[in-house]
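As a plain string of letters, each chain reads:
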Amino acid sequence: MLALATEVLEDWLVEEADDWLRHGNPWEKARPEYMLPVHFYGRVEHTKSGQKWVDTQVVLALPYDTPVPGYMNNTVNTMRLWSARAPNDFNLRDFNVGDYIQAVLDRNLAENISRVLYPNDNFFEGKELRLKQEYFVVAATLQDIIRRFKASKFGSTESVRTIFDSFPDQVAIQLNDTHPALAIPELMRVFVDIEKLPWTKAWDITKQTFAYTNHTVLPEALERWPVDLVEKLLPRHLQIIYEINQRHLDKVAALFPNDLDRLRRMSLIEEGGVKRINMAHLCIIGSHAVNGVAKIHSDIVKTQVFKDFADLEPEKFQNKTNGITPRRWLLLCNPGLAELIAEKIGEDYVKDLSQLIKLHKFVNDDIFIREVSKVKQENKVKFAQFLEKEYKVKINPSSMFDVHVKRIHEYKRQLMNCLHVITLYNRIKRDPMKPFVPRTVVIGGKAAPGYHMAKMIIKLITAVGHVVNNDPVVGNKLKVIFLENYRVSLAEKVIPATDLSEQISTAGTEASGTGNMKFMLNGALTIGTMDGANVEMAEEAGEENLFIFGMRIQDVAELDKKGYNAQEYYDKLPELKQAIDQIKSGFFSPTQPDLFNEVTNMLFHHDRFKVFADYEAYVKCQDKVSQLYMNAKEWTKLVIRNIAASGKFSSDRTIKEYARDIWNVEPSDTKIPPPNEPRDVADKNSSCTTGILKM
Ligand SMILES: *Cc1c(COP(=O)(O)O)cnc(C)c1O
């Protein structure tokens, strides 16, 4: 499947296709023996023995297996991905066999399903091909799961009616966002139409099997598929969704009589304009557990966005704070720091990151402080060399590396960072002799191809860069670099070299963030809002060891109530006024003075993320950052306190919590089986210890 790659050409972000499979992939193995059919379109026939989905178009799902080895725990799991293949008789059984050549060319139509990954971040685009992709992987995976479940029961004397009772004991399906939400009506279809289970039994098993993780509360990101599209592509699934909805609303009506508005709010079907299916509502109803990905986000999910559902089933709602793997995000990307930590506290922290707390003992150890600072300096020099070699840009390795890398999105407020850069530039120009703490501001990230404002933000950053980087008065004090094609392999290079991590989303918009955790573990200090996992990072390290600024969620809510007026801040804050006036007057785009009018217009008149409201607190907080950076020893003490407090943010901890609180499984590395002892592969608590699973 093609992925998005980007480059900057003449300061504009342009798209490329990352054809990462062009030269093959040695880690994966095709498993044609487990190929499965997936059906689309057709119609529903009412028969004496129930509903039948007929006259469908079939696409084959070809599995590819990739082994996923655990870190020194004697376990190798299998990741199974699916590729779309046209059946050999595709379009050749119909009346149009006369055009044999065209029919063969049309095989592409079916195979297009797995051709390209949609590149949006936190944005829903209701395209038919995307819906096909979502159903394709869901239908193939569920068939595969059910086949393996049945194989595990082979030879059992259980009756067909009760054989699925143990399904939730052996299978847990975590819906990672709503993208696989169709798995819920699909499992119901298999149980009711094919296995002939009664509806209530099928629904009970389905609910016990699924759990749902919510990843965002931004309304434009929530999947709401038009009913007409689902009816055309998956007519039987639409009927099942209607039935689920009817029973759900009956239950709500019984519990909350005479509350029509509640029924409207809680329906799976949104009326008014085009009828749409609210996929988050479907996931919540069809799951036994629902979680957000950081405390603050889970609170918003439970008390605001899905409050009605929490009123109905409060026990369903949980939190599972995200984490990152310390193997990739420390050992692999920052061997110098990993080694230094191991010298102080031993190597066990690699599998139990909470042990990093032992570093606290060394916060005032001058030798350790110097060593931590030296590793950072080495990483910075290495990154500067990489930038010079690959991109011909020279940066000053003794300046503060101030890094803002993540997808480009208005809510992540790269614009606020940009306004700070302009403010620093203006200060240097106003008083060139005044002492200045040198900074290299690195901003990087992909914009979704259709996200115009995101591309304008990149254009502005690069335009500001041209002015700042080429002004002799500024010299080595300030540089602005836009990092092209930001991706994991680039993150692994820039994060270990970072001094200051920018995590400045408007409070209440970033569900968790994981970039924030990667920086913390790699010895960067955070400048951030009380949003996402930043809140818990501050809780773990002590708020005084991060640079926390700006509105809290309550402040944002109050401002919303009062009405946000950007003009007020512009009138009140001279440095903000100067920066905005420069952008507006074409100071950064002299050949096209009105180039950024839509950006400034947005900031004044429809900025949902209130950049101006946090600007003053942000700039003041940045001044404190510069102050501390001048004192290398005190800076590094904060760095050490942060690393010591980052243990919570291991994905090992996150996964253990999912296993214990949602999947009801035991960690498998606690009981390593003797060699050659066969294990029950369909048991959800087991995994293969020797390689790719046989089935
Ligand atoms: C970790 C990571 C992200 C997520 O970053 P956030 O700051 O949490 O948005 C995005 N892209 C890449 C390449 C990453 O490694």
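The structure presented is a predicted model; accordingly, all values stated were derived computationally and were not measured.

Details of the nonpolar core
In step 1: Of all hydrophobic cores here, the largest spans 128 residues; its most connected members are Tyr349 and Phe612.
In step 2: For this core, the element with the highest residue contribution is helix H17 (residues 452-469), accounting for eleven residues.
In step 3: Other than its neighbours up to four places away in sequence, Phe612 contacts Leu419, Tyr564, Ala566, Tyr569, Tyr570, Leu576, Ile580, Leu603, Phe604 and Asp607.
In step 4: Within the second largest apolar cluster, 76 residues are counted, among which are Leu36, Ile173, Phe210 and Leu268.

A few points about unusual backbone geometry
In step 1: Residues other than glycine seldom take positive phi values, yet Asp55 does so here, at roughly 55 degrees.
In step 2: As for its position among the elements, Asp55 is in the loop between strand S6 (50-54) and strand S7 (57-69).
In step 3: Assessed through its relative accessible area of 55%, Asp55 is described here as exposed.
In step 4: Although it is not a glycine, Lys610 sits at a positive phi angle of roughly 55 degrees.
In step 5: As for its placement among the helices and strands, Lys610 is situated in the loop between helix H24 (597-605) and helix H25 (611-629).

Structural notes on the packing of aromatic side chains
In step 1: One pass over the structure, following the stated rule, counts 22 aromatic pairs.
In step 2: Look at Phe306 and Phe309: their rings are 6.5 Å apart centre to centre, the planes differ by 75 degrees, and that puts the pair in the edge-to-face class.
In step 3: Ring centres of Tyr658 and Trp663 lie 5.5 Å apart, and the angle between their planes is 25 degrees; on these two criteria the pair is classed as stacked.
In step 4: Under the relative-accessibility criterion, Tyr658 is labelled buried at 9%.
In step 5: Residue class for Trp663 comes out partly exposed when judged on its relative accessible area of 23%.
In step 6: Clustering of aromatic rings is evident, with ring pairs tying together Phe149, Phe164, Phe167 and Phe191.
In step 7: For the cation-ring pair, Lys380 lies above Phe401, with the distance from its terminal atom to the ring centre recorded as 4.7 Å.

Quick look at the environment of Ala541
In step 1: Relative to the assigned elements, Ala541 resides in helix H20 (residues 534-541).
In step 2: For Ala541, a relative accessible area of 11% gives the class buried.
In step 3: Taking C-alpha positions, Ala541 is 46 Å from Gln143, a pair spaced 398 residues apart along the chain.
In step 4: Apart from the residues within four sequence positions on either side, Ala541 is in contact with Met520, Leu546, Arg641, Asn642 and Ala645.

With respect to the site of the ligand
In step 1: Close to the ligand lie Trp329, Lys406, Lys412, Tyr486, Arg487, Val488, Ala491, Gly513, Thr514, Gly515 and Lys518.
In step 2: Side-chain polar atom of Lys412 to an oxygen atom of the ligand: 2.8 Å apart, as the coordinates give it.
In step 3: At 2.8 Å, a backbone N or O of Thr514 approaches an oxygen atom of the ligand.
In step 4: Here the ligand loses 82% of its free accessible area of 390 Å² to cover by the protein chains.
In step 5: Every element with two or more residues in the shell around the ligand is listed here: helix H18 (488-494) and helix H19 (515-521).
In step 6: Class assignment for the residues of the shell around the ligand results in four nonpolar, three polar and four charged.

Rules and cut-offs
Residues numbered from 1 in each chain as written. Predicted model: local features only at pLDDT ≥ 70, side-chain atom pairs only at ≥ 80, totals over all residues. Heavy atoms only, no water. Core = buried A, V, L, I, M, F, W, Y, C linked by side-chain atoms within 4.5 Å. Buried < 20%, exposed > 50% of the residue type's maximum accessible area, 1.4 Å probe, protein only. Helix = DSSP H or I, 4+ residues; strand = E, 2+ residues; numbered from the N terminus. Contact = heavy atoms within 4.5 Å. Phe/Tyr/Trp six-rings, centres within 6.5 Å; stacked < 30°, edge-to-face > 60°. Lys NZ or Arg CZ within 6 Å of the ring centre and 35° of its normal. Near = heavy atom within 4 Å. Polar contact = N/O pair within 3.5 Å; in protein donor to acceptor, adjacent residues only side chain to side chain. Areas by Shrake-Rupley, 256 points an atom, 1.4 Å probe, with all protein chains shown as cover. Nonpolar A, V, L, I, M, F, W, Y, C, P; charged D, E, K, R; others polar.

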